[in-house]
Amino acid sequence: MASSSTLFAMITNSASGFSRTHKRVPFWNCPDDELLINDKFRCCVGDSVRKGRRVVDRIRVGVGVEAAATEVVKAVRNGIVGNERRKLRILMAGGGIGGLVFALAAKRKGFDVVVFEKDVSAIRGEGQYRGPIQIQSNALAALEAIDMDVSEEVMRAGCITGDRISGLVDGISGSCGARASVISRMTLQQILARAVGDEIIINESSVTDFKDDGNKVTVMLENGKSYEGDLLVGADGIWSKVRKNLFGTQEVVYSDYTCYIGIADFVPADIQSVGYRVFLGQKQYFHLFGCWRGKMQWYAFHKEPPGGVDGPSDKKHRLLQIFGHWCDNVVDLIMATDEEAILRRDIYDRTPKLDWGRGRVTLLGDSIHAMQPNMGQGGCMAI
């Protein structure tokens, strides 16, 4: 439980005078069957008891300060201070997959949520070639717990891979069937954004800084605007500005691999039996994922220094230089992919950190536990 001074600060924005009452009070000294701590505390609790729509009932005889404080914490969590009901406000830096899932969960729990996203183009449809994401059983279970309708829509929109040969095997039966689905990131973000609501997502609003004064947190945006809330969650990716301001500059770690991402109108002959494959080679490897509405999605990894750049029409040519002597499964898929449907990015991650937040600020997803894509768990762990 939070310390008494912290609890009192949550209620009155002042910790003065409360530490003197951090002890049990004999219940027989409490008039009107209420536990009175001091005048300020009585004002806050009493108003909630008498006028707060009975969200906090009268604190009965024999209840100690700790139990009484617990009841007040419940009231504060529900946004009840004095005579008014107020939803606690959660500020989200980042409207990616992790940020949107968190916003959806918080919304379902009744919190007031605001999502600040620097560019919603990926959500609105312009990011159609950003590559696939594999939603594995751990993430699907989390989505079901948060919003069953959203989880079912994600499953319908994606391509189930766990029911075919895919390297995912049930540990008990030894058969394929572990739940997993591959879905376009754009499609997933569209589903989540609709569930969260357009009124909650603010576009062109990149969080650059914040101030936590103990009673509230204020975020400053790149456009000069600022917003106040009760909690800030930094879900702004591996290059997180919230993380930098919270913990200082900490360098990312290059994996030694660059990655090409593509999507093609292509249906393999063995699509009914194979969910996905990983083709291994010397300092290079190639992932291909199941068919989604007639499309095949893939990743190609190649070991090289970071910072490489291809010309506007050179990505496909370079891929054929690297993988052109490989088997037909790989070469045919590259050939079937349009140049503009291929993206390139260097792969980075971060050294794990055990503490994720301080005060009223915490982190989520790649901002705190960035992962390489080899296990297909980066987005899943964020969810």
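Our structure is the block above this text.
What comes next is a walk through the structure.

Describing the pattern of salt bridges
Inference 1: By the definition in use, this model includes 10 salt bridges.
Inference 2: Of the charged contacts, one joins arginine 194 and glutamate 153 as a salt bridge, the two residues approaching to 2.6 Å between their closest N and O atoms. Of this pair, arginine 194 sits in helix α8 (residues 185-196) while glutamate 153 is found in helix α7 (residues 148-157), placing the two residues 41 residues apart along the sequence.
Inference 3: Take arginine 194: its relative accessible area is 54%, and that puts it in the exposed class.
Inference 4: Glutamate 304 is the partner of arginine 344 in a salt bridge, and the nearest nitrogen-oxygen pair spans 2.6 Å. Placement of the pair is arginine 344 in strand β17 (residues 342-349) and glutamate 304 in the loop between β16 (295-303) and α10 (315-323), with a sequence separation of 40 residues. The same class applies to arginine 344 and to glutamate 304, which are both buried.

A look at the sheet that holds strand β7 (residues 180-184)
Inference 1: Across the sheet, which stays open at both edges, the 3 strands sit in the order β5-β7-β6 with antiparallel pairing between neighbours. On the outer flanks of this sheet lie β5 (132-136) and β6 (159-160), each paired with one strand and no other.
Inference 2: Strand direction decides the pairing type here: β5 and β7, joined by 5 bridges, are antiparallel. If you follow proline 132 over to β7, its bridge partner there is serine 184.
Inference 3: Contacts between helix α6 (residues 137-146) and the sheet are confined to β5 and β7, with β5 contributing the most and set at about 75° to the helix.

A few points about the pairing of strand β3 (residues 89-93)
Inference 1: In terms of residue burial, β3 counts as a mostly covered element, since 4 of its 5 residues are buried.
Inference 2: As defined by bridge partners, β3 adjoins strand β4 (residues 112-117) across 5 bridges and the pair is classed as parallel. Note that in β4 the partner of methionine 92 across the bridge is valine 115.
Inference 3: For the handedness criterion, the β-α-β arrangement of β3, helix α4 (residues 97-108) and β4 is classed as right-handed.

Section: α6
Inference 1: By the burial criterion, the buried members of α6 are Ala139, Leu140 and Leu143. Viewed end-on, α6 has its buried residues packed into an arc of 100°, placing them on one side of the element.

Conventions adopted
- Residues numbered from 1 in each chain as written.
- Predicted model: local features only at pLDDT ≥ 70, side-chain atom pairs only at ≥ 80, totals over all residues.
- Heavy atoms only, no water.
- Salt bridge = Lys/Arg side-chain N within 4 Å of Asp/Glu carboxyl O.
- Helix = DSSP H or I, 4+ residues; strand = E, 2+ residues; numbered from the N terminus.
- Buried < 20%, exposed > 50% of the residue type's maximum accessible area, 1.4 Å probe, protein only.
- Pairing = 2+ DSSP bridges.
- Contact = heavy atoms within 4.5 Å.
- Axes fitted to C-alpha atoms, helices over the stretch in contact; angles between N-to-C directions.
- Right-handed = clockwise from strand over helix to strand, strands pointing away.
- Arc of directions from axis to C-beta.

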